[in-house]
Amino acid sequence: SSQYTDALGAHEKLLKYAVQTQTGWNTMIVDETVQCGRHCSLAFNAEGNPAIAYYAEQNHSGSTTLQDLKFAEYSGSAWEPETISAQGDIGHYNQLWFDNTGTAYIGSYSQSLDTIFLFYR
């Protein structure tokens, strides 16, 4: 299904991750809390688990505009999304990578500040 359904109804524009198996595609919802998924960047950590940097646009009802940079990493059993920055309109043209020590880096553009930022942890 391309939608998520909750008490407010059915929602589209969620972020999903798919893995091809011998019988088809196994799809997992990465972030169902907001309309998101634009400006995605995918990388794999030292354990081989996927991580995604992405742009969160708004909540599903449309009543709250977010324009935030988010990051989600797969722990091996679940996706763990978090907000990296909510300062202005940030999260455009993301680039995610891991160095050889396992540090995650995200390069992201802030449209409201017309600036490129580098986040790491």
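Data block above holds the structure.
Residues numbered from 1 in each chain as written. Predicted model: local features only at pLDDT ≥ 70, side-chain atom pairs only at ≥ 80, totals over all residues. Heavy atoms only, no water.

## Section: the overall build of the protein chain
The helix and strand tally for the protein chain stands at zero helices and eleven strands. Each helix (α) and strand (β) of the protein chain, taken in turn from the N terminus, gives the series β-β-β-β-β-β-β-β-β-β-β. Since a compact globule built from 121 residues should have a radius of gyration of about 14 Å, the 15 Å found for the protein chain is in line with a globular shape. Put simply, of all contacts in the protein chain between residues at least 6 apart along the chain, 32% involve residues at least 24 apart. If you average the places of the 5 positive and of the 13 negative side-chain charges in the protein chain, the two averages end up 6 Å apart. (Helix = DSSP H or I, 4+ residues; strand = E, 2+ residues; numbered from the N terminus. Rg over C-alpha atoms; globule rule 2.2 N^0.38 Å. Contact = heavy atoms within 4.5 Å. Lys, Arg positive; Asp, Glu negative; His and termini not counted. Charge placed at Lys NZ, Arg CZ, Asp CG, Glu CD.)

## Comments concerning the sheet that holds strand β11 (residues 115-120)
Working definition: the strands of a sheet are paired by backbone hydrogen bonds and lie parallel or antiparallel to each other. If you walk across this open sheet you meet the three strands as β9-β10-β11, and the pairing is antiparallel. Sheet topology places β9 (90-98) and β11 at the edges, where each strand pairs with a single neighbour. Along the sheet, successive strands turn relative to each other by an average axial angle of 20 degrees, direction set aside. Looking at chain direction, β9 and strand β10 (residues 104-110) are connected through six bridges and run antiparallel. Directly across from F98, in β10, lies its bridge partner A104. (Pairing = 2+ DSSP bridges. Axes fitted to C-alpha atoms, helices over the stretch in contact; angles between N-to-C directions.)

## Examining the pattern of salt bridges
Summed over the entire model, instances satisfying the criterion amount to four salt bridges. For K70, the salt bridge is made with D31, and the minimal N-O distance between the two is 2.7 Å. One end of the pair, K70, is in strand β7 (residues 65-74); the other, D31, is in strand β4 (residues 24-31), with 39 residues separating them in the sequence. For K70, a relative accessible area of 8% corresponds to the buried category. A network of salt bridges, in which partner residues are shared, links E73, E82 and R121. (Salt bridge = Lys/Arg side-chain N within 4 Å of Asp/Glu carboxyl O. Buried < 20%, exposed > 50% of the residue type's maximum accessible area, 1.4 Å probe, protein only.)

## Side note on the packing of aromatic side chains
If you walk through the whole model with that rule in mind, you get six aromatic pairs. The interplanar angle of 50 degrees and the centroid separation of 5.4 Å between the aromatic rings of Y74 and W79 together place this pair among those described as tilted. Of the two residues, Y74 and W79, neither departs from the other in class, the shared state being buried. Measuring from centroid to centroid gives 6.0 Å for Y93 and Y109, while their planes differ by 50 degrees, and the two rings are tilted. With a gap of 16 residues between them, Y93 in strand β9 and Y109 in strand β10 connect regions that are remote in the sequence. Classification of Y93 as exposed rests on a relative accessible area of 58%. Every member of this aromatic cluster is reached through a ring pair, and the members are Y17, Y74 and W79. (Phe/Tyr/Trp six-rings, centres within 6.5 Å; stacked < 30°, edge-to-face > 60°.)

Shape descriptors only; they carry no functional weight alone.
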